[in-house]
Amino acid sequence: MAGGDVAIARANGLGNFNTLTFDTDATLATANPIANAINGPAITPPGTLTVDTLPNAAPTQVPAGNTGEAIIPTTATVPGALFDTSNLSLLGYTYVVDAATVPVAITLGLNQTLLVNTSIGNGSVNGAGGNTIVEGGGGNTVALTGAGNQLYLAEGPDTVDAGSSSTSTIFGGTGATTINGSSGTGNIDFLSATSTVVNQGSGTTTIVGGTGAATIFGGTGADTIFGNTGSELIAGGSGSLTLVTAAGQTATLTGGGSSPTVFGAAGSNLTHSGSNGVLYVGGGGTETLNAAASTGDDTVFGGSGADSVAAGSGSLTFVSTTNQIATVDGGASSPTLFGAAGSDLTYAGSGGVLYTAAGGNETLNASASTGNNTLFSGSGANSIVAGAGNDTVIAGTGAVSATGGNGADVFAFFNGQVGTGNADAISSFGANDLVLLSGYGASGVASSVTGGGNTTVTLSDSTMITFVGVSNLNPNQIVST
């Protein structure tokens, strides 16, 4: 935060300066090059800086090639006094320096740059478009209009009314800031705000979060939010919303009339609620998506790290990535899970899950689930653990190691769709479980061998199924059609 002072020439030559104080390192760093642009013509060469000290009833035109500076002097001691520099912009005064020691009201013209001295509350600035405004301290109200504005805030608390401003960028400071969004296209960048409230308008806005807490109310326009390490509470509007989280960020996304798109990051933790589903794209590292309070239909593309997903009452589609480790709590919903080569998924929930394995070796552990699950093995070596419900496990072209649960489970093998000669295994095969051999005819089992406490049956296509821990297999539990 720190900050410091900047000396700005108020006439040609040396030793004639105003000193402005900026409360943060960020605003100080922004003010310094602006001060240099004013001081240079005042010192080397002298005579190319034209200064107008306000109020002045008859300002002069800035000569061609000169730099024009309008000064609100230290002698301005009436709080709230109005200084209108809009006409001065037409005369070539591109820089405005507020050296007053009390808060004043400033009206800028087009394309003017304003440096504001530190003041205590209630200062106000009205921009016109193309303005660069650097606030020294906090407690100010800034109204922006036109396009191409850049506003740099300091300690706060500040209030910004973006109005009809478009393509504007607001750099939040370290204090509490309230920003009322615009009807234009703009950017809002929070440097390290401790508390920020953004009321979005109808425009298209890009928001870059800071290290502090932020509350963002969506509008009717298309909004993009880039998160930071600060926590964010986002209440969606009727317009589209894209949230790009930052590493380690905590965010809450609620409501809104559209379905948001969220890009996760390592260590991010997002809580989502509302009637509209979210499209979530995972990044790298461990991520958490809690949509338990959501009633919409959610789609999640897993990232490269370990993801934890909790579904709401709407549908959930989860698409894992290669070698991903993920935990999915489906709640009362009936989600759809797609595996990937090397993926290791754990599923829990009272709704039945539809799981489809892909290529490569995959693991699905649904032992904590209580619904009736449908689980498709894939082309790799798959390990599938059923839950407490009545589950159906369908063998694929790869070898499958399936474990039954507490329900009445069905293990299905379709002739022509399983790998010929596969060595499959079924564990925890209970008295209420069945094996369905479809397309094999009445004589699907070619032979049966018992040994070592296990029973291995060989099908007519040379597929072998070992019933682990079953030495007295009931032939009525195998149905061949």
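Just so we're clear, the structure is a prediction, and the values are computed from it rather than from any experiment.

**Notes on the overall build of the protein**
Helix and strand counts for the protein come out as two helices and 46 strands. With the C-alpha coordinates of the protein rotated into their principal frame, the extents come out at 110 × 40 × 30 Å. Summarising the internal contacts of the protein: among those between residues at least 6 apart in sequence, 20% fall at separations of at least 24.

**Quick word on the pairing of strand 30 (residues 316-319)**
Of the two faces of strand 30, only the one carrying L316 and F318 is buried; T317 and V319 on the other face are not. Two elements, strand 28 (residues 298-301) and strand 30, share four bridges in a ladder whose sense is parallel. In the strand pairing of strand 30, T299 is matched with T317. Relative to strand 32 (residues 336-338), strand 30 is paired through three bridges, and the arrangement is parallel. Of the residues in strand 32, the one forming a bridge with F318 is L337.

**Examining the packing of aromatic side chains**
Counting across every chain of the model gives three aromatic pairs. Look at F411 and F429: their rings are 6.1 Å apart centre to centre, the planes differ by 50°, and that puts the pair in the tilted class. Here F411 is found in strand 40 (residues 410-414), whereas its partner F429 is found in the loop between strand 41 (423-427) and strand 42 (434-438), with 18 residues between them in sequence. What makes F411 buried here is its relative accessible area of 2%. Taking the centre distance of 5.0 Å and the plane angle of 70° together, the rings of F429 and F467 count as edge-to-face. Separated by 38 residues along the polypeptide, F429 in the loop between strand 41 and strand 42 and F467 in strand 45 (residues 464-468) bring together distant segments of the chain. Taken individually, F429 and F467 each receive the classification buried, so the pair is uniform in this respect. Through pairs of rings, three or more aromatic residues link up here, namely F411, F429 and F467.

**With respect to the nonpolar core**
L337, F413, V435 and F467 are the most contacted members of the largest nonpolar core, which has 75 residues in total. Non-local contacts of V435, meaning those with residues more than four positions away in its chain, are made with F411, F413, I426, F429, F467, Q477, I478 and V479. Core analysis: the second largest hydrophobic core is formed by 19 residues, I38, A42, L49 and V97 among them.

**Re the environment of G137**
Structurally, G137 can be placed in the loop between strand 10 (132-135) and strand 11 (140-143). Residue class for G137 comes out buried when judged on its relative accessible area of 0%. It is 83 Å that separates the C-alpha atoms of G137 and N476, two residues lying 339 residues apart in sequence. In contact with G137, other than residues within four places in its own chain, are D23, N117, T118, A154, E155 and D158.

**Structural notes on helix 1 (residues 25-43)**
Side chains three or four residues apart in an α-helix point the same way, a direct result of the helix having 3.6 residues per turn. Between its terminal C-alpha atoms helix 1 stretches 26 Å, which fits the 27 Å expected from 19 residues at 1.5 Å a residue. Buried within helix 1 we find T27, L28, T30, A31, I34, A35, I38, N39, P41 and A42.

**Side note on the pairing of strand 35 (residues 362-369)**
Alignment of strand 33 (residues 344-349) against strand 35, held across five bridges, turns out to be parallel. Note that in strand 35 the partner of L345 across the bridge is L364.

How each quantity is defined
- Residues numbered from 1 in each chain as written.
- Predicted model: local features only at pLDDT ≥ 70, side-chain atom pairs only at ≥ 80, totals over all residues.
- Heavy atoms only, no water.
- Helix = DSSP H or I, 4+ residues; strand = E, 2+ residues; numbered from the N terminus.
- Contact = heavy atoms within 4.5 Å.
- Buried < 20%, exposed > 50% of the residue type's maximum accessible area, 1.4 Å probe, protein only.
- Pairing = 2+ DSSP bridges.
- Phe/Tyr/Trp six-rings, centres within 6.5 Å; stacked < 30°, edge-to-face > 60°.
- Core = buried A, V, L, I, M, F, W, Y, C linked by side-chain atoms within 4.5 Å.
- Expected span 1.5 Å × (residues − 1).

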